[in-house]
Amino acid sequence: MFVPVADMPAPRTAAVVERLRVAEIFHSIQGEADAVGWRTVFVRLVGCPLRCAWCDTPYAFHGGSWWSSEEILAEVQRHDVRHVCVTGGEPLAQKRCLNLLKRLCELDYKVSLETSGALDLSGVDVRVRKVMDLKAPDSGECARNRWSNIDHLLPHDQIKIVIASRADYDWACAAVAAHALDERCMVVFSPAWQQMPPQELAEWIMAAKLPVRFQLQLHKVLWQEAPGR
């Protein structure tokens, strides 16, 4: 019997499983930014287009394994935390990261995103606390700074500048002044681990009476043998 096309049942399609490549998911103490000290689940995604000289997580450049969004959310839930940090590598190098951030927010987690600042931030859910790097010269990636991202920062966001030398410090001071960064959100100066003496950077900040926050990475003080955590 002939059946008109309009009356034929629609073909069944398999549900689309959204997956991300994950380097690791772990439970630790947040060592940076305004959530420092809180128990946090870190979702570290694979991939980064930058190669900063002082990078402490090069193992996240490649490899990892594929996780569905549901698997990631289930693993986060298992640790019974309020704070979740999506990091990398550069998490925004995977486009599906935006959806993961949104879903975490919808589940009422306090979500932060650690990003290099080299990729567009305009699509990040406004509920996410963005911790955006500006790369100083000694990073080797200063030319990759996407200055237009400053326009997408909100008062609850943070700008982090890793300082490895006096030249980096002078560059950072000039950037804060030129773009009035402290009027937009919190600005954090952080000494490059084992390269910039923390006390020296703290004294420079105090002497200049800078409107920035000094940050010593707490997780590296606690677990020096595992600097990425």
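See the structure shown above.
Throughout what follows, the structure given in this document is the object of discussion. (Residues numbered from 1 in each chain as written. Predicted model: local features only at pLDDT ≥ 70, side-chain atom pairs only at ≥ 80, totals over all residues. Heavy atoms only, no water.)

## Considering the overall build of the chain
Part 1 of the reasoning: Of the regular secondary structure elements, the chain holds six helices and nine strands.
Part 2 of the reasoning: Across its three principal axes, the chain shows a C-alpha extent of roughly 90 × 35 × 30 Å.
Part 3 of the reasoning: A burial count over the chain gives 47% of its 229 residues as buried.
Part 4 of the reasoning: Within the chain, counting contacts between residues at least 6 apart in sequence, those at least 24 apart form 68% of the total.
Part 5 of the reasoning: With an accessible surface of roughly 11,900 Å², the chain has 53% of that area assigned to carbon and sulfur atoms. (Helix = DSSP H or I, 4+ residues; strand = E, 2+ residues; numbered from the N terminus. Buried < 20%, exposed > 50% of the residue type's maximum accessible area, 1.4 Å probe, protein only. Contact = heavy atoms within 4.5 Å. Areas by Shrake-Rupley, 256 points an atom, 1.4 Å probe, with all protein chains shown as cover.)

## What to know about the packing of aromatic side chains
Part 1 of the reasoning: One pass over the full model with this rule turns up four aromatic pairs.
Part 2 of the reasoning: Measuring from centroid to centroid gives 5.1 Å for F26 and F42, while their planes differ by 15°, and the two rings are stacked. Separated by 16 residues along the polypeptide, F26 in strand β1 (residues 19-29) and F42 in strand β2 (residues 39-45) bring together distant segments of the chain. Residues F26 and F42 agree in their burial class; the two are buried.
Part 3 of the reasoning: Among the aromatic residues, those joined into a ring-pair cluster are Y169, F189 and W204.
Part 4 of the reasoning: Geometry around F61 places R51 over its ring, the cationic atom sitting 3.7 Å from the centre.
Part 5 of the reasoning: One cation-aromatic arrangement involves R166 over W204; the distance from NZ or CZ to the ring centre is 4.7 Å. (Phe/Tyr/Trp six-rings, centres within 6.5 Å; stacked < 30°, edge-to-face > 60°. Lys NZ or Arg CZ within 6 Å of the ring centre and 35° of its normal.)

## Some words on the side chain of K135
Part 1 of the reasoning: Within the element layout of this structure, K135 appears in the loop between β6 (129-133) and β7 (158-163).
Part 2 of the reasoning: A residue is classified by how much of its surface remains accessible, and K135, at 4% relative accessible area, is buried.
Part 3 of the reasoning: In this structure the side chain of K135 is engaged in a polar contact, spanning 2.8 Å, whose partner is the side chain of D133.
Part 4 of the reasoning: Setting aside residues up to four positions removed in sequence, K135 forms contacts with L50, C52, W54, S116, E141, C142, N145 and W171. (Polar contact = N/O pair within 3.5 Å; in protein donor to acceptor, adjacent residues only side chain to side chain.)

## Quick look at the pairing of β2
Part 1 of the reasoning: Burial within β2 is extensive, with six of its seven residues counted as buried.
Part 2 of the reasoning: Sheet analysis places β2 next to strand β4 (residues 83-87), joined by five bridges and oriented parallel. Note that in β4 the partner of V43 across the bridge is V86. (Pairing = 2+ DSSP bridges.)

## Brief notes about helix α5 (residues 198-208)
Part 1 of the reasoning: Within α5, burial applies to L201, W204 and I205. End-on, the buried residues of α5 take up no more than an arc of 95°, which puts them together on one face. Of the residues in α5, the exposed ones pointing more than 90 degrees away from the buried face are Q199, M206 and A207.
Part 2 of the reasoning: The inward-facing, buried residues of α5 abut β7, α3 (166-179), β8 (186-191) and β9 (213-214). (Arc of directions from axis to C-beta.)

## Side note on the nonpolar core
Part 1 of the reasoning: Formed by 46 residues in total, the largest nonpolar core has its most connected members in V43, I161 and F189.
Part 2 of the reasoning: If near-sequence neighbours (up to four positions away) are discounted, I161 is found in contact with L134, A136, W171, A172, V188, F189 and S190. (Core = buried A, V, L, I, M, F, W, Y, C linked by side-chain atoms within 4.5 Å.)

## Observations regarding the sheet that holds β6
Part 1 of the reasoning: Sheet architecture is open: nine strands sit in the order β3-β1-β2-β4-β5-β6-β7-β8-β9, paired in mixed fashion. For this open sheet the edge positions go to β3 (65-68) and β9, each flanked by a neighbour on one side alone.
Part 2 of the reasoning: Pairing of β1 with β2, which is carried by seven bridges, proceeds in the antiparallel orientation. Considered in β2, the bridge of I25 is made with V43.
Part 3 of the reasoning: Contacts between helix α1 (residues 69-78) and the sheet are confined to β1, β2, β3 and β4, with β3 contributing the most and set at about 85° to the helix.
Part 4 of the reasoning: Across the sheet, α5 touches β7, β8 and β9, and the angle it forms with β8 is around 145°. (Axes fitted to C-alpha atoms, helices over the stretch in contact; angles between N-to-C directions.)

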